[in-house]
Amino acid sequence: MAKGIAHDFNNLLMGISGSINLLVMDSKDLPNHQKKLLFDAQKALYHATNLVKQFQYLTRDEKPNNIKVDLYSAVKNVFSFLERTSSKVVEKIINFEPNKYFVLADPIRLNQVILNLANNSINAMGDISSKSGNFIKVSVSHMDETTILENGLDCKNAVHIVFEDNGGGIPKENLSKI
């Protein structure tokens, strides 16, 4: 049933998308504030479409499609998405090199994890729409063999991913819920 609802919702979004795109093509004579409204509608539509895709993916009865994924590209894609969909002023820093750290993961699920962590960072900053100096920084390093063994990981290679931000942190009363 959930699959059917997601499919129907996606069809509605495609109709809305077509209408908005036609309006954008004819928007050259519109005042700037109306052009901005169309841009905001496109941005919201893009976000809604991605949410439906993620929901459709999560309702599948399939095993994860684990492939080799470049962490730099995965983080960069999420940061690009956030630039288009968030009105908050947050510097996004990728503190590692491209093509150096790879993981065996399902790209869609990895994207969702990175997006959730980044959104948590942004939300922890509170109302920052006009404040500068806010940041999210993602760093990656290889774990040494001792750390791998201490964490009970069943692999020879592992990476340590760190999300850092300048938000207020998790309130003490919520720490036990994690």
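Before any of the text, the structure's been laid out above.
Residues numbered from 1 in each chain as written. Predicted model: local features only at pLDDT ≥ 70, side-chain atom pairs only at ≥ 80, totals over all residues. Heavy atoms only, no water.

Section: the pattern of salt bridges
So, step 1. Taken as a whole and assessed by the stated rule, the structure comprises three salt bridges.
So, step 2. Here Lys-36 and Asp-40 are joined by a salt bridge, their closest N and O atoms 2.8 Å apart. Residue Lys-36 and its partner Asp-40 are both found in helix 2 (residues 32-58); the two are separated by four residues, about one turn of the helix.
So, step 3. Here Lys-92 ties to Glu-83 by a salt bridge, and the two come within 2.8 Å at their closest N and O atoms. (Salt bridge = Lys/Arg side-chain N within 4 Å of Asp/Glu carboxyl O. Helix = DSSP H or I, 4+ residues; strand = E, 2+ residues; numbered from the N terminus.)

Focus: the pairing of strand 4 (residues 135-142)
So, step 1. As defined by bridge partners, strand 2 (residues 91-94) adjoins strand 4 across four bridges and the pair is classed as parallel. Residue pairing in the sheet places Lys-92 in a bridge with Ile-136 of strand 4.
So, step 2. Two strands pair when backbone bridges link them, and strand 4 and strand 5 (residues 159-165) are joined in this way by seven bridges, in the antiparallel orientation. By the bridge assignment for strand 5, His-142 is matched with Val-159. (Pairing = 2+ DSSP bridges.)

Topic: the nonpolar core
So, step 1. The biggest cluster of nonpolar side chains holds 24 residues, and the ones touching the most others in it are Leu-71, Phe-79, Leu-82, Phe-96, Val-103, Leu-110 and Ile-136.
So, step 2. At eight residues, the largest contribution of residues to this core is made by helix 3 (residues 71-85).
So, step 3. Not counting residues within four places of it along the chain, the set of residues in contact with Phe-96 comprises Leu-71, Tyr-72, Val-75, Tyr-101, Val-138, Ser-139 and Val-140.
So, step 4. Among the nonpolar cores identified, the runner-up in size contains six residues, and Ala-6, Leu-13, Leu-45 and Val-52 belong to it. (Core = buried A, V, L, I, M, F, W, Y, C linked by side-chain atoms within 4.5 Å. Buried < 20%, exposed > 50% of the residue type's maximum accessible area, 1.4 Å probe, protein only. Contact = heavy atoms within 4.5 Å.)

A word on helix 3
An α-helical segment advances 3.6 residues per turn. Residues three or four places apart therefore align on the same side.
So, step 1. In this model, helix 3 (15 residues) spans 21 Å end to end at C-alpha, consistent with the 21 Å of a helix rising 1.5 Å per residue.
So, step 2. If you check the start of helix 3, you find a side-chain oxygen 3.2 Å away from the backbone N of Tyr-72, and it comes from Asp-70. (Expected span 1.5 Å × (residues − 1). Polar contact = N/O pair within 3.5 Å; in protein donor to acceptor, adjacent residues only side chain to side chain.)

Quick look at the environment of Ile-161
So, step 1. Mapping Ile-161 onto the fold places it in strand 5.
So, step 2. In sequence terms Ile-161 and Val-69 are 92 residues apart; their C-alpha atoms lie 14 Å from each other.

Let's talk about the packing of helix 3 against helix 4 (residues 107-124)
So, step 1. At their nearest, the axes of helix 3 and helix 4 sit 10 Å apart, and the two run at 50° to each other. Comparing the axis directions of helix 3 and helix 4 gives the class oblique. In this structure, helix 3 meets helix 4 at a crossing whose hand is right-handed. Taken together, the residues of helix 4 that come into contact with helix 3 (itself represented by Leu-71, Ala-74, Val-75, Val-78, Phe-79, Phe-81 and Leu-82) are Leu-110, Asn-111, Ile-114, Leu-115, Ala-118, Asn-119 and Ile-122.
So, step 2. Class assignment of the residues belonging to the contact of helix 3 with helix 4 gives a composition of twelve nonpolar, two polar and no charged. (Axes fitted to C-alpha atoms, helices over the stretch in contact; angles between N-to-C directions. Parallel < 35°, antiparallel > 145°, perpendicular 65-115°, else oblique. Left-handed = near helix turned anticlockwise from the far one by under 90°. Nonpolar A, V, L, I, M, F, W, Y, C, P; charged D, E, K, R; others polar.)

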